[in-house]
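Observations on the model geometry
As a plain string of letters, each chain reads:
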Amino acid sequence: MSSILTDQAEGVLSITLHRPEVLNAFNAEMASAMQAALQTAASDAAVRAVLLTGSGRAFSAGQDLASVPNAEPGEFDIGAIVRGQYNPIIRAIRELEKPVVCAVNGVAAGAGANLAFACDIVLAAREASFIQAFCKIGLIPDSSGTFFLPRLAGFARASGMMLLGDKISAEQAYQWGLVWQVIDAADLLQQARDLAGRLATQPTRGLGLTKRALNASFHNDLTAQLNVEEALQREAGRTRDFAEGVRAFLAKRQPVFEGR
Ligand code: LHQ
């Protein structure tokens, strides 16, 4: 059986990490299946939103530590796993010009936590938790953790999480601005599906360009960012969905967006 499950319906591609016996820890096979699913999300125009979650009681425990070669220090290049498995996944999520909703159904540790933080809208079950587990095994946070976490939570909280490796509850993560909403476990998946379904009916090009502008805001100064907004607004203004949005508003009816 594959290590991820996918399902496509009503504009939403659902990706479920599916190695529940190891808390959905990533091995090379799962990482490449995830990369392929994200490629489908990018290339298939019928996909207008992505929903990411995990099977069983965890979201993901990060790297499958049993699949890392047990070599003498210096003999094995751990960086190659980061480059081959995780970096392409994080880039694909950020470069995908469609919204990615992440439903964190349980513990998210190591690369599993940072994968969630790279998504666009993160919902967490009340019992979910986040652990920057890297420091406990002598590694540094990867999968864009050192990029997003200080920006989301602030430097002091990011440092504390990363240097101590303590478990952060979903409620704490919410208060620190790491997640959009905390939801009762029984309702998490349905609410995440509803949200992804709602996003899939929205002006996909406009949402995608919004992601592009937000990505650019991380490295631009104000002038450069104003220029980005001008250029992307020009592009958004040429979409059929913009024309439909304005027509529907003026006619006092609900818009029907095609995602173009
Ligand atoms: C696991 C794992 C796991 C294998 C639970 N691997 N089996 C990048 C590049 C290259 C190398 C290294 O890493 C990276 C990036 C990273 O992600 S580094 C961080 C890797 N992740 C961790 O260090 C987390 C390790 N896991 C844990 O600390 C705990 O399992 C957590 C806190 C996530 C959950 O604790 P519990 O709820 O108490 O569950 P458990 O520990 O009993 O785990 C259940 C099973 O899952 C157990 O197997 P078993 O056969 O005894 O039932 C674990 O061995 C297995 N498992 N995480 N990462």
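With respect to burial, strand S5 (residues 100–104) is a largely interior element, 5 of its 5 residues being buried. The side-chain alternation of S5 yields two buried faces, one formed by Val100, Cys102 and Val104 and the other by Val101 and Ala103. When strand S3 (residues 49–54) meets S5, the two strands line up parallel, connected through 3 bridges. Pairing of Leu51 across the sheet is with Val101, part of S5.

For the rest of this paragraph, the subject is unusual backbone geometry. Located in the positive-phi region is Glu10, a residue other than glycine, with phi close to 50°. Turning to its location among the elements, Glu10 is positioned in the loop between strand S1 (4–9) and strand S2 (12–17). Of note in this structure, Leu23 is not a glycine but carries a positive phi near 55°. Among the structural elements, Leu23 can be located in the loop between S2 and helix H1 (28–43). For Leu23, a relative accessible area of 21% corresponds to the partly exposed category.

Now for the pattern of salt bridges. Taken as a whole and judged by the stated rule, the model has 13 salt bridges. One salt bridge in this structure joins Arg205 and Glu235, with 3.1 Å as the shortest N-O distance. Residue Arg205 is found in helix H8 (residues 204–217), and its partner Glu235 is found in helix H9 (residues 222–236); the two are separated by 30 residues along the sequence. Ionic pairing is found between Glu230 and Arg234, a salt bridge with its closest N-O pair at 2.8 Å. Taken as a pair, Glu230 and Arg234 lie in helix H9 at a separation of 4 residues, close to a single helical turn. Within the structure, one salt-bridge network assembled from shared partners comprises Glu97, Arg205, Arg212 and Glu235.

Procedures and definitions
- Residues numbered from 1 in each chain as written.
- Predicted model: local features only at pLDDT ≥ 70, side-chain atom pairs only at ≥ 80, totals over all residues.
- Heavy atoms only, no water.
- Buried < 20%, exposed > 50% of the residue type's maximum accessible area, 1.4 Å probe, protein only.
- Helix = DSSP H or I, 4+ residues; strand = E, 2+ residues; numbered from the N terminus.
- Pairing = 2+ DSSP bridges.
- Salt bridge = Lys/Arg side-chain N within 4 Å of Asp/Glu carboxyl O.

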